[in-house]
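An overview of the molecular structure
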Amino acid sequence: MNIANILARKGSMAVTVLPEQSIREALALLALHNIGALVAVQGEHPVGILSERDIVREAARNEGFLARTVADLMTRNVITGQPHDDLLTVAHTMTERRIRHLPVVDQDRLIGMVSIGDVVKAQRDHYQGEVDTLQTQLLAGEGGLAH
Amino acid sequence: MRVAIIGAGPTGFYAADHLLNHLEVVVEVDMFDRLPTPYGLVRLGVAPDHQKIKFVTNAFDKVAASSRFRFYGGVDFGKDVTLADLRAHYHQIVYCTGAQTDRRMGIPGEDLSGSHPATEFVAWYNGHPDYRDCAFDLSQESVAVVGVGNVAVDVVRILCRTPEELATTDIADYALEALRKSRVKEVYLLGRRGPAQAAFTNPEVKELGELADADITAIPQEIELDPLSRAAVERSQDRATLKKVEILRQYARRAPTGKSRRLVLRFLVSPVELIVDDAGRVAAMRLVRNELYATSTGALQPRATDRFEELPVGLVFRSVGYRGVPLPGVPFNESWGVILNDKGRVLDPATKQPVVGEYTAGWIKRGPTGVIGTNKPDAAETVECMFEDLARGAVLEPARPDAAAAEALVRQRQPSYVSYADWLKLNAIEVARGRAQGRPRVKLTSVEEMLAALGR
């Protein structure tokens, strides 16, 4: 299973913001889409990621945080995924580096975003499916012997 | 509530099961398939020498036994019944049509005679009515199978099995006869990445080492992990991968034991061209050696080097991925080869808002990945959306939402449709034919044959 399989069943693209937009505007976007992070883009190229954490941290020390810009608070050096990256590795990297949102790029163009929740759910479904398949075979095997 | 399910594969049955077992809402399910037989790839994809996997059909038969379930086999969506027809008879429609076409390698010579999609070979040996007349040149001595997923592994295994091994399975009779005459001696399985990234599972790779009359081998240099793979395996301590690499190392060390066929596992190679002979057939495959690089998440991907080699092969099967086929009138996501959806709700391409009453599940929803059972939680997610929408009143308003009207429609459009009771009769006939030969079943492989067996 890879990132593409997650993006395939997510209708929405990544929600983007421009680096020069204000945190006030960014918060409105986060609330509107009920999400935890925005990708800052220049054209179609991701230049940073702004998470709710980044905003909370700033809010705790600066009451004027709403007027600051996305560029002020965003994390640069974004780790991005590619559609063919396998989920096992992606899950490992996201957990180890404490990344909750991974923008996905294809030839440097932003094509979507996966969250750690998406990855965990996909892995859970994958394992659940394997267990179910094995169980069915075992039970059917026993049934077969009884005949 | 009345629901139409398009596609009678595992996902269709899992969706039906979740729908029929809802505690509060009484749901009636009509399941359509363009083929007369149910079970989709469990019947026509799963390898004939893997009968245990096919036991899952017992669970599907239980679902079909519900008095609120009907099967309309041999009824083609878009041709025999249209979306407009379904909207007039059902509150909700779920597309579970799977990934029906293979991805192309995109290299020169791909369409030469002797080069085939692996899925065609699979459908052929499994007795798929649309593929029973395919022909594969099994007089060739060397065959390459491109890809290391479970389809590729099935194909090499079937090519390496002896007629005696195959004769106890439910492989199609004509395929058994053709494979009996096979002159194949060398079979190459080609992976573009290294052994640690190979998609095949450990039981699958072990099985390849236990074939009655085929020696397995691998090239030691290709099995030794490169530094990036070694670091990744050490970091994750993933036991399955460690075990896989160990099994492959053993294969690389094995001395040939004089069996009549040889199966060669190759890694870190990609075909770049199929070379033609004077008769316009495949004569060889040009391969490039790959090296691995890490993407920013740490996933390892192949990159071509400038080292090439030529592999003389007369038959090529490609198994480099699959994609869904668009359904008439249903929004499609070309990037991923799936129906455009959000958690199974079909989306309008213009507004990205859900289309009322239309849903999708399985491979046509998320792409071809996972085992059969992976489609169960996937179908559950879709069905959850369906009940949520029902509770909000966001369902279709069919003019004739009753079972009799739907049946009358199908009867008018496709008088020779196959019901589940009909299928159970066909099943009994196949099993009886098999019993005489000590096989699980002998399949009926053409629609005419099936209808004749039903006395039509």
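You'll find the structure just up there.
Residues numbered from 1 in each chain as written. Chains lettered and ligands numbered in written order. Predicted model: local features only at pLDDT ≥ 70, side-chain atom pairs only at ≥ 80, totals over all residues. Heavy atoms only, no water.

Glancing now at the environment of G337(B). Residues and elements named next belong to chain B. Following the sequence through the fold, G337 ends up in the loop between β16 (332–333) and β17 (338–339). With a relative accessible area of 2%, G337 lands in the buried category. Sequence-wise, G337 and P368 are 31 residues apart; in three dimensions their C-alpha atoms are separated by 9.6 Å. Apart from residues lying up to four places away in sequence, G337 is in contact with R323, G324, F332 and I364. (Helix = DSSP H or I, 4+ residues; strand = E, 2+ residues; numbered from the N terminus. Buried < 20%, exposed > 50% of the residue type's maximum accessible area, 1.4 Å probe, protein only. Contact = heavy atoms within 4.5 Å.)

Listed by partner, the interface residues are 36 residues for chain A and 35 residues for chain B. Around 2800 Å² of area is buried between chain A and chain B when both sides are counted, 57% of it from carbon and sulfur atoms. Interface area lost by chain A to chain B is led by A8(A), R9(A) and Q137(A), which between them contribute 21%. Note that R9(A) and E381(B) form a salt bridge whose closest N and O atoms lie 2.5 Å from each other. (Buried area = accessible area lost by both parts, 1.4 Å probe. Salt bridge = Lys/Arg side-chain N within 4 Å of Asp/Glu carboxyl O.)

All names here are of chain B. Taken across its six residues, strand β10 (residues 261–266) has five buried, putting it largely inside the fold. Bridge count for strand β8 (residues 186–190) against β10 is five bridges, and the pairing is parallel. When the sheet's bridge partners are listed, L190 is paired in β10 with R266. Relative to β10, strand β9 (residues 214–218) is paired through five bridges, and the arrangement is parallel. Its bridge partner being in β10, I216 is matched across the sheet by L263. (Pairing = 2+ DSSP bridges.)

Enumeration over the complete set of coordinates arrives at 50 salt bridges over all chains. One salt bridge in this structure joins E246(B) and R249(B), with 3.5 Å as the shortest N-O distance. With E246(B) and R249(B) both in helix α12 (residues 239–253), this residue pair falls three residues apart, about one helical turn. Of the residues examined, E246(B) reaches a relative accessible area of 30% and is grouped as partly exposed. Relative accessible area serves as the criterion here: at 26%, R249(B) is assigned to the partly exposed category. The salt bridge partner of E291(B) is R303(B), with a shortest N-O separation of 3.6 Å. Highlighted residues: E291(B) in strand β12 (residues 282–294) and R303(B) in strand β13 (residues 300–311), separated in sequence by 12 residues. Given a relative accessible area of 41%, R303(B) falls into the partly exposed group. Beyond isolated ion pairs, a larger network of salt bridges with shared partners links R9(A), K121(A), R124(A), D125(A), K365(B), R366(B), D378(B) and E381(B).

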